[in-house]
Amino acid sequence: MNTIIQKIKNEQRVNFDEALKLYDLDLFTLGMLANEIREKKWGKKSYFNINRHINPTNVCKDICKFCAFSASRKNPNQYTMTHDEILNIVKESDSRGAKEVHIVSAHNPETGLSWYLDIFSKIKNQFPHMHVKALTAAEINFLATEYNHSYEEIIDMMIESGVDSMPGGGAEIFDEAVRDKICKGKVSSAEWFEIHKLWHQRGRHSNATMLFGHIEEQKHRIDHMIRLRDLQDETNGFNTFIPLVYQRDNNFLNVKDFLSSQEILKTMAISRIVLDNIPHLKAYWVTSTINLALISQEFGADDLDGTIERESINSAAGAKSAHGMRLEEFVSIIKNSGFNPIERDSLYNEIKAW
Ligand code: V47
């Protein structure tokens, strides 16, 4: 173990076996190693943005066992927003100072391609300064398959319509055997990487998530991180890695055990160590709880996402995020936890030190 610790201190890259072994390290030594990396990169800065999550439809062709958001037996309340409804939400958020809308939908085969794409140009026409982060690789795969287009064509249409960056959703766990058990039929791991690579090749940025705390094992998380690190070596297009803690309510995965805080913090710290080429690590308070997200700042995380305002995907599965966080409260708890809240734009340009 000492050799691995020394390697990390010397800023040398850890391999799969070494990364997996880090789970055997005690929490505080691991935290200290991750914190040293975080402090070298970002000091005491903790980034956040004023953003609004919008989930325009929950009608979905795919059946992911972990999902409580899509309309199904467990969630019979189908909805699909009109463009006017979405524009009204953007208008309200804009008036409250939001700089980003994060738009993620289910895979609705009834709306047509233009329902998915035209909304972006409408937002850009009315709110040219608003950053549009939209369409996960899973949605792009769905649109390409459903409407008989190549990924390149869908991506070029997104760019023409005004999408600025891609969120990191749909990554789940890349290990094919686990993926088959939790979301068979959805975008494959290879396709997820192909889509992000094409996006990066157009000079654009994206994020990457990892859904953990369900049926995967530690080795699958490390494999997930190393696959991301490999693509990042090639493209340098990922801004942020976001480990999402699995929420257990209202879905078909039936996971009885919940993840301990120690395991969540270890996973955050190991992510910071392994992903030496992805600049930011996000503690997404929606799935970790706000208190654990604040502690994660000492275990490698330098970003807390944002105020969100409203969120439907994770809150459907039990997360306490349906109504977001008030800006003043958000800033104040970051300060009280000993970090400097820095409002950023979606590409991490600093807007204001609060
Ligand atoms: O891809 C679905 C996940 C993701 C559950 O890019 C669940 O900045 C936990 O991708 N428990 C969507 N997670 C959210 C997402 C995201 C969130 C915040 C920031 C960014 C970003 C991206 O939510 C899905 C899926 O992995 N999810 N069900 C659940 N039961």
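Above this note sits the structure.
Model, not experiment: these values are computed from the prediction.

Caption draft 1: Seen up close, the sheet that holds strand 10 (residues 350-353). An order of 8-1-9-10 is seen for the 4 strands of this open sheet, with the pairing classed as mixed. The open sheet has two edge strands, strand 8 (303-306) and strand 10, and neither has a second partner. Averaged over all pairs of adjacent strands, the angle between strand axes in this sheet comes to 30 degrees, irrespective of strand direction. Summarising the sheet, strand 1 (residues 45-49) and strand 8 pair through 2 bridges and their orientation is parallel. Bridging from a neighbouring strand, Y47 pairs with D303 of strand 8.

Caption draft 2: Seen up close, the state of the cysteines. Counted according to the given criterion, the structure contains 0 disulfides. Looking at C60, it has no disulfide partner, and the nearest cysteine sulfur is the one in C64, 6.4 Å off. C183 supplies the cysteine sulfur nearest to C64, a cysteine that is in no disulfide, at a spacing of 4.9 Å.

Caption draft 3: Spotlight on the site of the ligand. The full set close to the ligand counts 22 residues, and K133, G168, G170, E172 and Q247 are the nearest of them. G170 has a polar backbone atom sitting 2.8 Å from an oxygen atom of the ligand. Within the side chain of E172, one N or O atom sits 2.4 Å away from an oxygen atom of the ligand. At the level of elements, strand 5 (206-212) and strand 6 (238-245) are the ones that each hand at least two residues to the shell around the ligand.

Caption draft 4: Main features of the nonpolar core. Formed by 111 residues in total, the largest nonpolar core has its most connected members in M158 and W192. When near neighbours in sequence (up to four residues on either side) are disregarded, M158 contacts L117, A134, L135, I140, V163, M166 and W199.

Caption draft 5: The arrangement of the sheet that holds strand 4 (residues 131-134) in detail. If you trace the 3 strands from one edge of the open sheet to the other, you get 2-3-4, paired in parallel fashion. With partners counted over all chains shown, the strands left at the sheet margins are strand 2 (51-54) and strand 4, one partner each. Ignoring which end each strand starts from, the neighbouring axes of this sheet average 20 degrees apart. Relative to strand 3 (residues 100-103), strand 2 runs parallel, the two being bridged by 4 bridges. Across the sheet, the residue bridging to R52 is V101, located in strand 3.

Caption draft 6: Summary view of the environment of D305. Here D305 lies in strand 8. The sequence separation of D305 and T80 amounts to 225 residues, and the corresponding C-alpha distance is 26 Å. Setting aside chain neighbours within four positions, we find D305 in contact with Y47, F48, N49, N51, H53, K282, Y284 and R344. Here N51 takes part through its side chain, which lies 3.1 Å from a polar atom of the side chain of D305.

Calculation criteria
- Residues numbered from 1 in each chain as written.
- Predicted model: local features only at pLDDT ≥ 70, side-chain atom pairs only at ≥ 80, totals over all residues.
- Heavy atoms only, no water.
- Pairing = 2+ DSSP bridges.
- Helix = DSSP H or I, 4+ residues; strand = E, 2+ residues; numbered from the N terminus.
- Axes fitted to C-alpha atoms, helices over the stretch in contact; angles between N-to-C directions.
- Disulfide = S-S within 2.5 Å.
- Near = heavy atom within 4 Å.
- Polar contact = N/O pair within 3.5 Å; in protein donor to acceptor, adjacent residues only side chain to side chain.
- Core = buried A, V, L, I, M, F, W, Y, C linked by side-chain atoms within 4.5 Å.
- Buried < 20%, exposed > 50% of the residue type's maximum accessible area, 1.4 Å probe, protein only.
- Contact = heavy atoms within 4.5 Å.

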